[in-house]
Amino acid sequence: MNKQPLFPERGPAFWLTGLAAAISAGTIGLLFVSLVVESVPVFKSEGVSFLWGTDWFAGEVYGALPMIYGSLMVTGLAVVMVLPFALGSAILTSEFLSGRVRLVVKAAMELLAGVPGILYGLMGIALLAVWVRDLFGLIDGNTLFTAGLLLAVMILPTVMTLAEDALRAVPGETRDTALSLGLTRMETVMQVVVPQALPGLAGAVFLGLGRAMGETIAVMLVIGGIDRIPQPWFDLFASGQNIPSKIGREAAEALGFDLQWSALIALGLVLFVMVMTLTTAGHFLLRKAR
Amino acid sequence: MNPRLWKERATILILYGLTGCGCLVLAVILTTVIMKGAPALSGEFLFEESRNFGSEGGIFYQMIGTLILMAGAAIVCLPVALGSVLFQTEFLHSPPLKKMFRFLIYSLNAVPTIIFGLIGYLFFGVLLDAGVSWVTGVLILAVMILPTLHVSIHEAVESIPDHYREAGLALGLSPGQQMRAVILPQSMYGMVTGTLLGLARAAGETAAIMFTATAFSGVQLPQSWTEPVTTLQTHILVLAQEATNPKALTHAWGAGLVLLTLVFILISVTLWIRSGMEMEAER
């Protein structure tokens with residue numbers, strides 16, 4: 001077979017689309033490069049203690065541990081809370097509901113996945129924080145728990161639709177075989193379909209986690225905004241801080257070039273690495289499932 | 001009675017319970033926004049500018065600001081997304097390069113939106129010298145919605161049947177003519193749905209623009225390139241933090257309802273177009 005040349009013809013169409021491709025690839029590349037380059041100054045001045053330090057006073061010392069802790073805690077909390085509901089409704093929708101109902105549910109979930117984060121934030125600050133405060137007898141309802149709960153609600157539609165897709169990807173013959181062997185429908189689902197869809201289900205959860213970890217505005221309004229690790233560390237009903245919220249709160253005052261700006265970008269880099277790990281794992285698992 | 005049957009029924013019941021809880025929460029969210037937002041809506045609210053730090057007047061310029069930012073972002077993004085998809089599908093024949101391009105787009109989709117604000121301000125605000133302005137916001141949002149448009153258009157182009165292309169090639173069309181006569185008309189719906197979803201994403205975004213493109217009060221239409229706008233998203237953000245002032249809070253819910261309606265319309269139209277396409281494919 002003839003080896004095709006890399007670019008067969010170079011008319012105006014080639015250059016025009018090539019320019020667009022160069023712009024998009026260049027922008028993305030530049031974004032990643034500057035994320036790394038701009039965070040160099042703070043790593044130079046703080047060293048690795050940027051990652052382990054527990055104190056953050058703008059202009060003096062930058063330690064990101066409370067924010068990293070907050071991000072992990074809130075995201076972990078969200079996934080624990082969303083898991084039973086998302087998987088339960090995904091299994092029900094994919095295996096037990098009729099085709100028409102299924103389409104309606106999917107459409108509703110896609111709509112809900114598009115609800116702007118600021119609306120969750122408004123709900124969080126005006127309602128959820130107050131409920132949490134009264135229900136648990138706290139002085140301040142803006143806690144890590146509140147943020148985790150809000151995120152769980154936010155990612156429910158995303159995780160549910162992706163998990164449902166993963167279950168649908170298991171071929172129908174598998175189900176027929178299991179049923180013909182005398183398994184009940186539920187046994188078929190639990191012992192045959194779910195194990196086969198497991199990578200896809202895990203992928204759905206990872207992608208949801210990535211979204212939860214990067215969400216800024218809703219969390220910012222209900223997390224409390226205090227840069228410390230609660231005492232004891234597992235006290236979820238204390239105010240905390242996560243990375244996006246920290247960036248969101250300080251970016252307006254730090255706009256510019258000094259060390260604080262670099263520290264915020266370095267926080268962004270840490271966040272990006274964590275989110276990227278989750279989503280890459282998610283995409284990998286989803287692809288494996290197909 | 002058969003214990004297996006009981007187990008079966010119990011599990012299905014649990015599934016219905018879990019699903020019901022999930023649906024209930026989401027239904028509560030929607031009704032809350034509607035119930036709390038509806039009392040604020042009126043002609044005055046929609047068509048007057050906000051006064052007294054948002055607790056009086058309306059949200060006219062906030063709506064305009066949101067529309068400017070999302071429309072601007074889509075206008076900037078669409079040609080770039082379309083061009084890079086076409087380059088990727090029509091001219092790029094090396095699998096590793098294609099793979100790398102896909103990876104870049106996917107990783108851009110994973111970037112938390114607040115990072116677009118940080119880095120975007122650095123480039124558009126500082127280097128382009130646009131400062132905190134609507135131009136900075138448009139450009140940042142354009143980068144942010146690039147993956148949404150790109151993926152949607154790419155899927156549409158990829159799903160064009162091979163014999164359409166072959167027919168074009170058999171007629172001796174050059175790649176440019178092929179694009180104009182075959183690929184663009186056949187993938188039009190991908191462009192439309194991608195743009196609508198991108199618009200919805202841009203309209204719902206707050207974090208990336210709150211410190212790069214917007215101001216809270218005293219802003220009307222931007223008169224120059226370097227002026228900030230005010231948007232529904234950031235308006236809600238500021239009002240929400242005044243949770244003690246019931247009037248401001250009512251206005252926040254009202255603005256929220258308007259924003260939600262806008263986003264839902266955009267997504268619904270997308271879903272409607274898509275389901276139409278699917279039915280056509282099944283015929």
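As a reminder, the structure under discussion sits directly above these lines.
Residues numbered from 1 in each chain as written. Chains lettered and ligands numbered in written order. Predicted model: local features only at pLDDT ≥ 70, side-chain atom pairs only at ≥ 80, totals over all residues.

Caption draft 1: Molecular detail of the nonpolar core. A163(A) and L141(B) are the most contacted members of the largest nonpolar core, which has 176 residues in total. A per-element tally of this core places helix α6 (residues 144-168) of chain A first, with 17 residues. (Core = buried A, V, L, I, M, F, W, Y, C linked by C-beta atoms within 7 Å. Buried ≥ 20, exposed ≤ 12 C-beta atoms within 10 Å, placed from the backbone. Helix = DSSP H or I, 4+ residues; strand = E, 2+ residues; numbered from the N terminus.)

Caption draft 2: Examining unusual backbone geometry more closely. All names here are of chain B. In the Ramachandran plot, D129 falls in the positive-phi region, its phi being about 65° despite a non-glycine side chain. Following the sequence through the fold, D129 ends up in the loop between α5 (113-127) and α6 (134-158). On the neighbour-count criterion, D129 (11 C-beta atoms within 10 Å) is exposed.

Caption draft 3: Up close: the environment of S224(B). All names here are of chain B. Here S224 is to be found in the loop between α9 (188-204) and α10 (232-240). Taking the C-beta count within 10 Å as the criterion, S224 has 8 such neighbours and is therefore assigned exposed. Placed 41 residues apart in sequence, S224 and I183 show a C-alpha to C-alpha distance of 38 Å.

Caption draft 4: Here's a closer look at the interface of chain B and chain A. Taken together, the 68 residues of chain B in the interface contact 69 residues of chain A. Take the side of chain B that touches chain A: its biggest share by element is 15 residues, from helix α1 (residues 3-37) of chain B. Within the side of chain B that touches chain A, the residues separate by chemical class into 47 nonpolar, 19 polar and two charged. (Contact = placed C-beta atoms within 7 Å. Nonpolar A, V, L, I, M, F, W, Y, C, P; charged D, E, K, R; others polar.)

Caption draft 5: How the structure looks around α10(B). With eight of its nine residues buried, α10(B) lies for the most part within the structure. Of the residues making up α10(B), those classed as buried are L232(B), Q233(B), T234(B), H235(B), I236(B), L237(B), L239(B) and A240(B).

Caption draft 6: Broad picture of the packing of α6(A) against helix α8 (residues 185-214) of chain A. All names here are of chain A. At a minimum axis distance of 8 Å, the contact between α6 and α8 shows a crossing angle of 150°. Judged by the inter-axis angle, α6 sits roughly antiparallel to α8. Between α6 and α8 lies a crossing of right-handed hand. Of α8, the residues touching α6 (which contributes L151, I155, T158, V159, L162, A163, A166 and L167) are V193, A197, G200, L201, G203, A204, V205, L207, G208, R211 and A212. Among the residues making up the contact of α6 with α8, the classes are represented as 14 nonpolar, four polar and one charged. (Axes fitted to C-alpha atoms, helices over the stretch in contact; angles between N-to-C directions. Parallel < 35°, antiparallel > 145°, perpendicular 65-115°, else oblique. Left-handed = near helix turned anticlockwise from the far one by under 90°.)

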